[in-house]
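Structural overview
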Amino acid sequence: MTDGPRITLATIAAEAGVSLATVSKVLNGRTDVAPATRARLETELARHGYTRRSGKQRSEFVELVFHELEPSWSMEVIEGVEDVAHDAGLSVVLTVSGDRHTPGADWIDGVLRRRPVGVILVFSDIAERFRDKLRAQGIPFVIVDPAGDPSPDVPSVGSANWSGGLMATRHLIELGHRRIAAITGPEDMMCSLARVDGYRSAMNAAGLPIDPALIRFGDFHPGGGESAGRELLALDDPPTAIFAGSDLQALGVIAAGSAAGLRVPDDLSVVGYDDIALSRWMSPQLTTVHQPLRRMGEEATRLALRLAEGATPDTLRMDLATHLVVRGSTAPFAA
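Residues numbered from 1 in each chain as written. Predicted model: local features only at pLDDT ≥ 70, side-chain atom pairs only at ≥ 80, totals over all residues. Heavy atoms only, no water.

**Brief notes about the sheet that holds strand S12 (residues 323–325)**
The strand order across the open sheet built from six strands is S7-S6-S8-S9-S10-S12, with neighbouring strands paired in mixed fashion. Two strands close off the open sheet at either side, each with one partner strand: strand S7 (215–217) and S12. Taken pair by pair, the neighbouring strands of this sheet meet at an average axis angle of 20°, ignoring direction. Where strand S6 (residues 180–184) meets S7, three bridges bridge the pair, whose relative direction is parallel. Residue isoleucine 183 lies in a different strand from S7, and its bridge partner there is arginine 216. Sheet strands in contact with helix H8 (residues 190–205) are S6, S7, strand S8 (241–243) and strand S9 (269–274), and its direction is about 165° off that of S6. (Pairing = 2+ DSSP bridges. Helix = DSSP H or I, 4+ residues; strand = E, 2+ residues; numbered from the N terminus. Axes fitted to C-alpha atoms, helices over the stretch in contact; angles between N-to-C directions. Contact = heavy atoms within 4.5 Å.)

**Quick word on a nonpolar patch on the surface**
A cluster of nonpolar side chains, Leu69, Leu94 and Val96, forms an exposed patch at the surface whose accessible area comes to about 250 Å². Along the polypeptide, leucine 69 turns up in the loop between strand S1 (61–66) and helix H4 (71–87). (Patch = residues over 30% accessible without salt bridge, like charges linked within 9 Å, V, L, I, M, F, W, Y side chains within 5 Å. Areas by Shrake-Rupley, 256 points an atom, 1.4 Å probe, with all protein chains shown as cover. Salt bridge = Lys/Arg side-chain N within 4 Å of Asp/Glu carboxyl O.)

**Some words on the confidence of the model for the protein**
Atom-level detail of predicted coordinates should not be read off regions where pLDDT is low. On average, residues of the protein score 87 in pLDDT, and 90% of them are at 70 or above. When mean pLDDT is taken per element in the protein, S8 scores highest with 98 and helix H2 (residues 20–27) scores lowest with 72. The low-confidence segment residues 54–58, where pLDDT is below 50, has five contacts with residues more than four positions distant or belonging to other chains. (pLDDT = per-residue confidence, 0-100.)

**Points about the packing of helix H7 (residues 161–174) against H8**
Two quantities define a packed helix pair, namely the angle between the helix axes and the distance between the axes. Following both chains from N to C, one finds H7 and H8 inclined at 40°, their axes separated by 7 Å at the closest point. By the angle between their directions, the pair H7 and H8 is classed as oblique. In the crossing of H7 with H8, the sense of the turn from one axis to the other is right-handed. Here Asn161, Trp162, Gly165, Leu166, Thr169, Arg170 and Ile173 of H7 come into contact with H8, specifically with Cys191, Ala194, Arg195, Asp197, Gly198, Tyr199, Ser201, Ala202 and Met203. Grouping the amino acids of the contact of H7 with H8 by side-chain chemistry returns eight nonpolar, five polar and three charged. (Parallel < 35°, antiparallel > 145°, perpendicular 65-115°, else oblique. Left-handed = near helix turned anticlockwise from the far one by under 90°. Nonpolar A, V, L, I, M, F, W, Y, C, P; charged D, E, K, R; others polar.)

**Observations concerning the packing of aromatic side chains**
With the rule as written, the count across this model stands at one aromatic pair. Of note, arginine 195 hangs over the ring of tyrosine 273, and the distance from its end group to the ring centre comes to 3.7 Å. (Phe/Tyr/Trp six-rings, centres within 6.5 Å; stacked < 30°, edge-to-face > 60°. Lys NZ or Arg CZ within 6 Å of the ring centre and 35° of its normal.)

**Focus on unusual backbone geometry**
Look at the link from valine 264 to proline 265: it is a cis peptide, with omega at 10°. Its place among the elements puts proline 265 in the loop between helix H10 (247–259) and S9. Following serine 283, the chain continues to proline 284 via a peptide bond in cis, the omega torsion being 0°. Tracing the sequence through the fold places proline 284 in the loop between S9 and strand S10 (287–290). Phi at phenylalanine 220 is positive, roughly 70°, even though this residue is not glycine. By the element assignment, phenylalanine 220 lies in the loop between S7 and helix H9 (222–233).

**What to know about the environment of valine 157**
Its place among the elements puts valine 157 in strand S5 (residues 156–159). In this structure valine 157 comes out as buried when scored by relative accessible area, which is 1%. Between the C-alpha atom of valine 157 and that of leucine 320, which follows or precedes it by 163 residues, the distance is 7.6 Å. (Buried < 20%, exposed > 50% of the residue type's maximum accessible area, 1.4 Å probe, protein only.)

**Focus on the pairing of S5**
Burial of S5 is two-sided: the residues Ser156 and Gly158 facing one way and the residues Val157 and Ser159 facing the other way are all buried. With two bridges connecting them, strand S4 (residues 141–144) and S5 associate as parallel partners. Opposite isoleucine 143, over in S5, you have serine 156 as the bridge partner. Pairing of S5 with strand S11 (residues 317–320) involves four bridges; the strand directions are parallel. In the strand pairing of S11, serine 156 is matched with arginine 317.

**Topic: the side chain of serine 97**
Structurally, the position occupied by serine 97 is in the loop between strand S2 (91–96) and helix H5 (105–114). Since its relative accessible area comes to 9%, serine 97 is described here as buried. Polar side-chain contacts of serine 97 include one of 2.9 Å to the backbone nitrogen of glycine 104. (Polar contact = N/O pair within 3.5 Å; in protein donor to acceptor, adjacent residues only side chain to side chain.)

**Things to note about H9**
Helix length check: H9, at twelve residues, gives a terminal C-alpha distance of 16 Å against a target of 16 Å (1.5 Å per residue), a fit within 8%. Residues Gly224, Gly225, Ala228, Gly229, Leu232 and Leu233 constitute the buried set of H9. The arc enclosing the buried residues of H9, seen along the axis, measures out at 150°, which places them on a common side. The secondary structure elements touched by the buried residues of H9 are S6, S7, S8 and H10. (Expected span 1.5 Å × (residues − 1). Arc of directions from axis to C-beta.)

Written out as structure tokens, the structure reads:
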């Protein structure tokens, strides 16, 4: 082994003129590499202190962990993870465990037995005792869409939730709405608070009063959106527009509006958040804040693989930009 810092697998791949996927295949003992290339790479890997995995040490997958599978939202993250893993010659194992805050206690023993190349977690954080066990076994982990506020040493990929709430509300203000409501997610999730803070900032910047009666905490699901929508529309002075905080909640708000005899967008404008595929098939099509879910999965997987190679990234926290997609569920306010 050479003296000095251990070089990364990406550097070995570049010096050998092969792809990172090829290096990964050799390191994991795969047979689908030309013998001459395999021999050359095995020599280089050994020279730089890398030992080919075998037996219990061998793994050819990354593990993706959710607390629940919501198909319209989860699939985009899954596809992003799979794309990057596939390019690296790896497969993906999908696990459901725990609640929205952290995986369940039984999960950690299983993942230590499985020994994946890396772990992608769709949670707000991961318990410190789990972090320590993963680090002790050399299994890197990355959190996707941190709904909480992970510690600075916890690798994570999220999106600009505050900016999304600001853009959604500003759009409604520019259409002439003044009585604007917001339904965000659970009160104990940082992304929920950030989106409603963006709403408040847009209202303040426009010099509009913020009525506490127009702010609701939901659950990011259609039922929560419908329940909160019914409450808001039953007020003596109901809103003319609602920022729903998620596309699924927006679906529930539209149902509540229909039940109240209101037409979207003629009588009620609605903005969602996420830009899931379903938003383009609603009637009317949903104006929403695009959250780059697929790219979040991609970037989280890239970060996990870089950490697995021993690389030191410039930053462990990445927040991807959001943008507004205007469709048919919003219209100018008609007094």
